[in-house]
Amino acid sequence: MKISVRLLVHLRQYCPENTIDTFDVSCNKGAIVSSFLKLLNIPASEQTVILVNGRHSEKDTKLSDGDLVTIYPPVAGG
Amino acid sequence: MCGWTNRILRVNLTTGNIAHEKQDTNIAKDFIGGRGLGVYYMLSEVDPTCDPLGVENKLIMTVGPLTGTRAPTGARYMVITKSPLTGALTCSNSGGFFPAELKKAGYDGIIIEGKATEPVFLWINGDEVEIRSAKHLWGKTTHETDDLLRSETDPKARTSVIGPAGEKLVLFASIMNDKDRAAGRSGVGAVMGAKKLKGVVVRGKNRVLLADEEKFKQTSKKYLDAFREVKKDKPYPLSVHGTAITSVATQANGVFPTRNFQHGTFDGWESISGEALTEKYLVKTKACYSCPIGCGRLTKIPDGPFKGEGEGPEYETTYSLGSDCCVDDLAALTKANYLCNELGIDTISMGSAIACAMEMVEKGYLEESEIGRSLQWGDGEAMVELTRQTGLRNGFGEILAEGSLRMATRYGHPELAMVSKGQDFAGYDPRGAQGMGLGYATSPIGASHMRGDSPYFELLGVPLKIDPQSWHNKPPIMVKWQDVFSIFDAAGLCVFFSVRYLVEQTINIRPLPIMELLNAATGADYTLEELEKAGERVFNAERLFLVKAGFSRKDDSLPPRITEEPMPDGPAKGLVCHLDEMLDHYYQLRGWSNDGIPGAEKLSELGLDQFV
């Protein structure tokens, strides 16, 4: 299945070249957030917040074809 | 004891009397300082039912035991008074350099009483204190006033002043220190204006005495090193882009207030984001006293109709004067921010009032002829002009200056004011961030994100991520966070560093590192339980003031848009805020009645029964 990924702020450096907003990643049916993340090029040392279709996710949240995964660093409030 | 100066300055502007008073050390320990000390004096000395702009109200400025030390972000002071916007107690917090200077002048706080007959300013040069005429400064902007005051006292002095908005009693006028740092909320500037006090100028040359210098140095270094380690290899978003970077999270979660909270996402969000600000207008970053983060932004609009330079905007301003008004022109909202700083206005309430007026025009409740100009969503030029008019109370600014709730009520639609206790929301829609809804409703100062800042755990994953759309689990977290945030404000620390490095990184954020710093600074030997109890005491003392002023559950409310109208689109689509259900649980956890009144047992446990 195909998942759209949007990386924000400095995490954009891990997007494939020429990405404008989102890029697509293929994964196995039934993939969960933690296994999907391994397909991305984001080092484990990066602190991230991961949303699925704009909603809160856990490591074991199941993904569905066409989902949008948004990942941003813990930017601050103010 | 050390850390505290153990001295309060009391100035009566009616009589001209100036007194130095010894601060009771037990009270200092029980209320910590800053926000806590302020509410102690308000409860002890001010009638909660008094007219906020009358002679009975007092204006209190306090610092904490860590203000002016080398504790990371020990830069804060608080302005505590009864608010003319809300009728509740307020405590408005600011950093910069004025607070550390006040501490170094030898004061834990200033209590300003009475009312002058002619404009005056207060000149505090260490132990020497004078009330001087400010007739020549009346009508000047905050920037002009800062320059003039320092030139006629001491160029190295620091100032805290009002602009024309405070003089003209704009109900959400701010007090600006060091030109561009704001004690912004709840109209503290109007209280200062009502007292005919144009400014406070301070010069302090003492070092803050510490109980255990070496231990304090080591402890501060330990937590600074933890921060530096994180920052070493990676960009730290708050340092690189300032607080305006927060819209990345609010937009992604569908809680970025748009069109007066009619929507939770804004199509033009990238045009007004922290990244856009960095790319287009940032001149350099700026840090407050003893701050390793440096989230301040010196910016410049080089040309065009909104040409200017100054500080800002912060995230809250990009919401209020930006997305909430549908303005995606970063230059326009930055210009309006400059005007707010110079005229002395809270940017949050300013933008929120304009957004409310825009919606009333859209719905046909307010005629543009009444405003004297067109006012459509997204009109940056109109937004800038109305900001100017409000600061000077010209034209329709007279109506806006009363705040969004009074304005909306005047035109028969109070439900369109996005407020709690009459104070405008911060930049998070509670339908998609339920904890924030509970936070707005139970904040003693009216809607504020800074009383248990739930976006940290709801949107940013600090210290861990909790589903923002869930509500069952929020009351116990908010109780804990509100109490610990009271400790930050009482100690004189900034939230931004404290919430990540000066509390344990679990959802209960126990303030063990702050306890270490406080004990090394003061020698007060706080236990962790005593310190947490002090935070709870401060929060309950504020509630007690509100109860005495007539507040109860009926005032812990949110507009029907938030509790009854489901979010129409975006990630929070279909949701309302479950405030009533959360309140029941929240009051129970607090030891308050179902009507929101602190119980006798709780007050006795906290030693607050003396104020009943």
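Structure: see above.
Analysis parameters
Residue positions are counted from 1 within each chain, in the order its sequence is given. To read the labels, note that chains go from A and ligands from 1, taken in the order they are written. It should be noted that, the model being predicted, local features are given only for residues of pLDDT at least 70 and side-chain atom pairs only at 80 or more, the latter also being counted only at that level, while totals for whole chains, interfaces and linings use all residues. Computation of side-chain values covers all heavy atoms of the structure but excludes hydrogens and water. Side-chain rings of Phe, Tyr and Trp (the six-membered ring for Trp) are treated as a pair once their centres are within 6.5 Å; stacked means planes under 30 degrees apart, edge-to-face means over 60, and tilted covers the remaining angles. Burial classification: accessible surface area is computed with a 1.4 Å probe over protein chains only, and a residue below 20% of its type maximum counts as buried, one above 50% as exposed, and the rest as partly exposed. Each helix corresponds to a stretch of at least 4 residues labelled H or I by DSSP, and each strand to a stretch of at least 2 residues labelled E; elements are numbered beginning at the N terminus. A pair of strands counts as paired when DSSP detects no fewer than two bridges linking them. Angular values range over 0 to 180 degrees, each being the angle between N-to-C directions of two axes fitted as lines to C-alpha atoms, with helices fitted over their stretch in contact. Whether two residues touch is decided by their heavy atoms; if any such pair falls within 4.5 Å, the residues are in contact. Buried area is understood as the total, over both parts, of accessible area removed when two parts are fitted together, assessed with a 1.4 Å probe. Within this document, salt bridges are pairs made up of a side-chain nitrogen of Lys or Arg and a carboxyl oxygen of Asp or Glu, the two lying within 4 Å of each other. Any pair of nitrogen or oxygen atoms within 3.5 Å is treated as a polar contact; in protein, a donor-acceptor pairing is required on top of that, and neighbouring residues in sequence qualify only through side-chain atoms on both sides.

Visitor: Can you walk me through the packing of aromatic side chains in this structure?
Guide: How two aromatic rings sit relative to each other is set out by the distance from centre to centre and by the angle between their planes. All names here are of chain B. Using the criterion set out here, one finds 21 aromatic pairs over all chains in the structure. Geometrically, the ring pair formed by Y40 and Y41 is edge-to-face, given 5.3 Å between the ring centres and 75 degrees between the ring planes. A single burial state applies to Y40 and to Y41, both of which are buried. Between the aromatic rings of F227 and Y501, the centroid separation amounts to 5.5 Å while the plane-to-plane angle is 85 degrees, which identifies the pairing as edge-to-face. Remark: Y501 occurs in helix α21 (residues 495-501) and F227 occurs in helix α7 (residues 213-233); sequence separation between them is 274 residues. With relative accessibility at 1%, the residue F227 sits in the buried group.

Visitor: How should the sheet that holds strand β14 (residues 296-301) of chain B be read in this particular structure?
Guide: Residue and element names in this part refer to chain B. Here we have three strands laid out as an open sheet, ordered β13-β14-β15, and antiparallel in their pairing. Edge strands, defined here as strands with exactly one partner in the open sheet, are β13 (282-286) and β15 (308-311). The mean angle between the axes of side-by-side strands here comes to 10 degrees, regardless of whether they run parallel or antiparallel. Bridge analysis of β13 against β14 gives four bridges, and the strand direction is antiparallel. Following the sheet pairing, K286 is matched in β14 by G296. The strands touched by helix α12 (residues 330-343) are β14 and β15; relative to β15, the strand with the most contacts, the crossing angle is about 65 degrees.

Visitor: Help me out: how do you make sense of the interface of chain B and chain A in this one?
Guide: How large an interface is tends to be reported as the accessible area lost when its parts come together. At the interface, 34 residues of chain B touch 20 residues of chain A. At the boundary of chain B with chain A, total buried surface from both sides reaches about 2,200 Å², with 58% on carbon and sulfur atoms. Contact with chain A buries surface across chain B, with K234(B), L460(B) and K465(B) losing the most and accounting together for 21% of the total. Our count for the chain B to chain A interface comes out at two salt bridges. Between E270(B) and R12(A) there is a salt bridge, with its nearest N and O atoms 4.0 Å apart. Across the contact surface, chain B and chain A share eight residue pairs in polar contact (both at pLDDT 80 or more). Secondary structure elements with two or more residues in the side of chain B that touches chain A: α8 (237-241), α9 (247-253) and α21 of chain B. Considering each element in turn, the side of chain B that touches chain A owes the most residues, four residues, to α9(B).

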